[in-house]
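Now for the letters of each chain:
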Amino acid sequence: MPKFDGPWLTAIFLTSALFLLVAVALSDTVTFFGVFMVLLLAAALGFFYLIFPGSQFFALSLANNIAVYACIFTFLVEANFPQTRSWANTVGFVLPIVGFIIGAFRDREAIRSIILDAHLREQGRLLTSFRWLLPVFAIGVLSFVVPDLRLDATQQTFAFLGFMGAIGATVFFASHAICIFLIEVGLLFQDFSRRMETLAVPAFAFLTFYSLIVIVFASVYTIYDRATPDAQFRVDGVERQIEFLESLYFSVITLSTVGYGDITPVAYSVRIIASIQILLGVLLLLFGFAEIRRYGVELAKRRQKK
């Protein structure tokens, strides 16, 4: 019997929290629809654990793709089905997910064999796993015809359910390919996580130098502004003395070369200081990433020797 261990409980909690964040952002508040989506996600994760024990990499991959689906779903509803009944939105959202779960349960033995296959990438299955996107994409594009039909609310609701039902049927028959896609994305994420673990030390050193530059220049900006009689910065269109937190914020956006424009230097001397900080930031990025890469290569060589 599968057992919900610490890693799986953590995965379900974190991915459900992630999806709750997306749901709240899409609905402006915690609504029944948002809570229902999170519960549906948690149920889907639990389902996949029960039929594919040990496949923790499904968690983040599945959660991310459902979150992407939620964003696309919201866009299509607002663009093409604005008069759809609220209950139909919930039903329409669930149809593809339920279709996928039923299809995955139907093909569970074949999918389990793929999960246990250590040579997934070498068999060229990833390219074939993308084919299911073509009919789904075609159905989504076809839905843009609906606004031109000038349907009333009832007709629009049934049209919407028809489109989502078609997507649900497509996902049901393509569940095997979708699972391959989810497995591959999960494996890629696992590889990325392992590489990030090996690069934790140089990345921390890079962030230390980065924060050092931010703090030093923020202090310079603040002290220089206080030491001069005239204001050296324009904050939200007003020339005034800059506060340290504002200076810290300005230092961060200067080093990142974003430049939002809400805080701008007035005097040429401050502009020169900001230019020096930008140059130091560029050099830090060049040498920092080079050192991180060198550290990763050397670490891999040392592990191979062992």
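Notes on the structure follow. (Residues numbered from 1 in each chain as written. Predicted model: local features only at pLDDT ≥ 70, side-chain atom pairs only at ≥ 80, totals over all residues. Heavy atoms only, no water.)

### Section: the pattern of salt bridges
- All chains considered together, the criterion is met by three salt bridges.
- Note that Arg-106 and Asp-107 form a salt bridge whose closest N and O atoms lie 2.9 Å from each other.
- For Arg-106, a relative accessible area of 40% translates into the label partly exposed.
- The partner of Arg-234 in a salt bridge is Glu-239, and the shortest N-O contact between them spans 3.0 Å.
- The partly exposed category is assigned to Glu-239, whose relative accessible area is 46%. (Salt bridge = Lys/Arg side-chain N within 4 Å of Asp/Glu carboxyl O. Buried < 20%, exposed > 50% of the residue type's maximum accessible area, 1.4 Å probe, protein only.)

### Looking at the environment of Tyr-210
- Take Tyr-210: it is sitting in helix 10 (residues 200-227).
- Considering only alpha carbons, one finds Tyr-210 and Leu-255, 45 residues apart in sequence, at a separation of 8.6 Å.
- Setting aside residues no more than four positions away along its own chain, Tyr-210 makes contact with Val-252, Leu-255, Ser-256 and Leu-284. (Helix = DSSP H or I, 4+ residues; strand = E, 2+ residues; numbered from the N terminus. Contact = heavy atoms within 4.5 Å.)

### Some details on a nonpolar patch on the surface
- A grouping of Ile-272, Ile-276, Leu-280, Val-282, Leu-283, Leu-286 and Phe-287 is seen on the molecular surface, where their side chains present a nonpolar patch of about 660 Å² in accessible area.
- With respect to the helices and strands, the residue Ile-276 is situated in helix 12 (residues 268-305).
- Taking relative accessible area as the criterion, Ile-276 reaches 43% and is therefore assigned partly exposed. (Patch = residues over 30% accessible without salt bridge, like charges linked within 9 Å, V, L, I, M, F, W, Y side chains within 5 Å. Areas by Shrake-Rupley, 256 points an atom, 1.4 Å probe, with all protein chains shown as cover.)

### A word on the nonpolar core
- Judged by nonpolar contacts, the single largest core of 38 residues is most densely connected at Phe-73, Phe-93, Ile-97, Phe-100, Trp-132, Phe-160 and Ile-178.
- Looking at this core, the elements with two or more residues in it are helix 2 (32-51), helix 3 (57-80), helix 4 (86-106), helix 5 (108-115), helix 7 (133-142), helix 8 (153-173) and helix 9 (175-198).
- The greatest single-element share of this core, amounting to eight residues, is contributed by helix 9.
- Formed by 16 residues, the second largest nonpolar core is a distinct cluster that contains Ile-242, Phe-250, Ile-263 and Val-270. (Core = buried A, V, L, I, M, F, W, Y, C linked by side-chain atoms within 4.5 Å.)

### Describing the sheet that holds strand 3 (residues 263-265)
- Reading across from one edge, 2-1-3 is the order of the three strands in this open sheet, with antiparallel pairing throughout. One side of each edge strand has no neighbouring strand; the edge strands of this open sheet are strand 2 (238-240) and strand 3. Strand after strand, the sheet turns through a mean of 35° between neighbouring axes, direction not considered.
- Two strands pair when backbone bridges link them, and strand 1 (residues 233-235) and strand 2 are joined in this way by three bridges, in the antiparallel orientation. Bridged to Phe-233 within strand 2 is Arg-240.
- Where helix 11 (residues 244-255) meets the sheet, it contacts strand 1, strand 2 and strand 3, and its direction lies at approximately 80° from that of strand 3. (Pairing = 2+ DSSP bridges. Axes fitted to C-alpha atoms, helices over the stretch in contact; angles between N-to-C directions.)

### A closer look at the packing of helix 4 against helix 8
- Where helix 4 meets helix 8, the axes come as close as 7 Å, and the angle between the chain directions of the two elements is 15°. One element, helix 4, and the other, helix 8, form an angle in the roughly parallel class. At the point where helix 4 passes helix 8, the crossing takes the right-handed sense. Taken together, the residues of helix 8 that come into contact with helix 4 (itself represented by Trp-87, Ala-88, Asn-89, Val-91, Gly-92, Leu-95, Pro-96, Gly-99, Phe-100, Ile-102, Gly-103 and Arg-106) are Thr-157, Phe-160, Leu-161, Met-164, Gly-165, Ile-167, Gly-168, Val-171, Phe-172 and Phe-173.
- For the contact of helix 4 with helix 8, the class distribution of residues is 14 nonpolar, seven polar and one charged. (Parallel < 35°, antiparallel > 145°, perpendicular 65-115°, else oblique. Left-handed = near helix turned anticlockwise from the far one by under 90°. Nonpolar A, V, L, I, M, F, W, Y, C, P; charged D, E, K, R; others polar.)

### Overview of helix 10
- If you check helix 10, its first and last C-alpha atoms are 40 Å apart, about what 28 residues at 1.5 Å a residue would give, namely 40 Å.
- Listing the buried residues of helix 10 in full gives Pro-202, Phe-206, Ile-213, Val-214, Phe-217, Ala-218, Tyr-221, Thr-222 and Asp-225. (Expected span 1.5 Å × (residues − 1).)

### Remarks on the packing of helix 10 against helix 11
- Two numbers describe how helix 10 lies on helix 11: the axes approach to 8 Å, and their chain directions differ by 130°. When the axes of helix 10 and helix 11 are compared, the pair comes out oblique. Between helix 10 and helix 11 lies a crossing whose hand is right-handed. Across the interface between the two elements, Tyr-210, Ile-213, Val-214, Ile-215, Phe-217, Ala-218, Ser-219, Tyr-221 and Thr-222 from helix 10 touch Phe-244, Ser-247, Leu-248, Phe-250, Ser-251, Val-252, Thr-254 and Leu-255 from helix 11.
- For the contact of helix 10 with helix 11, a count of residues per class yields twelve nonpolar, five polar and no charged.

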